[in-house]
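# Chain and residue survey
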Amino acid sequence: MLDRIKKIIELSELTRRDFALKIGVDPSAFYSMLNGGRKISDRTIALIASRFNVSEEWIRNGSGSMFKSKERITDADITRRHILDLYSKLPRELQEELEKLSSEILRKAKEVRTTFPQKIAIIGDNNTDIEINQ
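The structure reproduced in this document is the subject of the present report. Just so we're clear, the structure is a prediction, and the values are computed from it rather than from any experiment.

Before going further, it helps to examine the overall build of the protein chain. Along the protein chain, the regular secondary structure elements total seven helices and two strands. In sequence order, the secondary structure elements of the protein chain are arranged as α-α-α-α-α-α-α-β-β. Burial status across the protein chain gives 19% buried among its 134 residues. Total accessible area on the protein chain stands at roughly 10100 Å², and carbon and sulfur atoms take up 53% of it.

Below, the structure is given as structure tokens:
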């Protein structure tokens, strides 16, 4: 199993430290797991599988396909991942400010939908029209 996890790390092109951080595991604890000093928990295996789209069955015993079935990744998925990655790098106090701002934006968007239930035209900064269909 350790060899399979090391292969995932290699394919991810991340350092072991960054890999551990991506799955939410303390890097020193993760190093100990990779060196056989600590048991790899079911939770850690599930985190690796989920974060890197790898089959848990393949991680555990090498059977089946390494990767889960191919899923269609849209531009929105990529944007969402990028935003979450940027958010995770912010200091906690800035994350809290962003959360407040996001809540305010959502609240105002709901007000706009209530006021204009059909179609909204917004003029952008570059005199470009953006239509939002309800």
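On the surface, Leu90, Leu94, Leu98, Leu101 and Ile105 cluster together to form a nonpolar patch covering roughly 410 Å² of accessible area. Along the chain, the position of Leu101 falls in helix H7 (residues 92-115). Residue class for Leu101 comes out partly exposed when judged on its relative accessible area of 48%.

Listed in full, the buried residues belonging to helix H3 (residues 27-34) are Pro27, Ala29, Phe30, Met33 and Leu34. Looking down the long axis of H3, one finds its buried residues gathered within 160° of arc, a one-sided arrangement. Lining the buried residues of H3 we find helix H1 (2-12), helix H2 (16-22) and helix H4 (42-52). Just beyond H3, the residue with positive phi is Gly36, at close to 85°.

What follows deals with the nonpolar core. Membership of the largest hydrophobic core comes to 19 residues, with the highest contact counts inside it found for Ile5, Ile8, Phe19, Phe30, Ile48 and Ile59. Tallying contributions element by element places H4 first for this core, with four residues. Excluding residues that lie within four positions of it along the chain, Ile8 makes contacts with Phe19, Ile48, Phe52, Val54, Trp58, Ile59 and Met66.

In this structure, Gln95 sits in helix H7. Judged by its relative accessible area of 10%, Gln95 falls in the buried class. Among the polar contacts made by the side chain of Gln95, one reaches the main-chain carbonyl oxygen of Leu90 at a distance of 3.3 Å. Here Gln95 is in contact with Tyr87, Ser88 and Leu90, once residues within four sequence places are set aside.

Another aspect to go through is H4. Among all positions in H4, only Thr44, Ile45, Ile48, Ala49 and Phe52 are buried. Considered in projection along H4, the buried side chains sweep an arc of 135° and stay on one side of the axis. Exposed positions of H4 whose direction lies more than 90 degrees from the buried face are Arg43 and Ser50. Looking at the buried residues of H4, the elements they touch are H1, H2, H3 and helix H5 (56-61). With its phi angle positive at about 55°, Asn53 sits one or two positions after the end of H4.

Rules and cut-offs
Residues numbered from 1 in each chain as written. Predicted model: local features only at pLDDT ≥ 70, side-chain atom pairs only at ≥ 80, totals over all residues. Heavy atoms only, no water. Helix = DSSP H or I, 4+ residues; strand = E, 2+ residues; numbered from the N terminus. Buried < 20%, exposed > 50% of the residue type's maximum accessible area, 1.4 Å probe, protein only. Areas by Shrake-Rupley, 256 points an atom, 1.4 Å probe, with all protein chains shown as cover. Patch = residues over 30% accessible without salt bridge, like charges linked within 9 Å, V, L, I, M, F, W, Y side chains within 5 Å. Salt bridge = Lys/Arg side-chain N within 4 Å of Asp/Glu carboxyl O. Arc of directions from axis to C-beta. Contact = heavy atoms within 4.5 Å. Core = buried A, V, L, I, M, F, W, Y, C linked by side-chain atoms within 4.5 Å. Polar contact = N/O pair within 3.5 Å; in protein donor to acceptor, adjacent residues only side chain to side chain.

What is shown is where atoms sit, not what they do.
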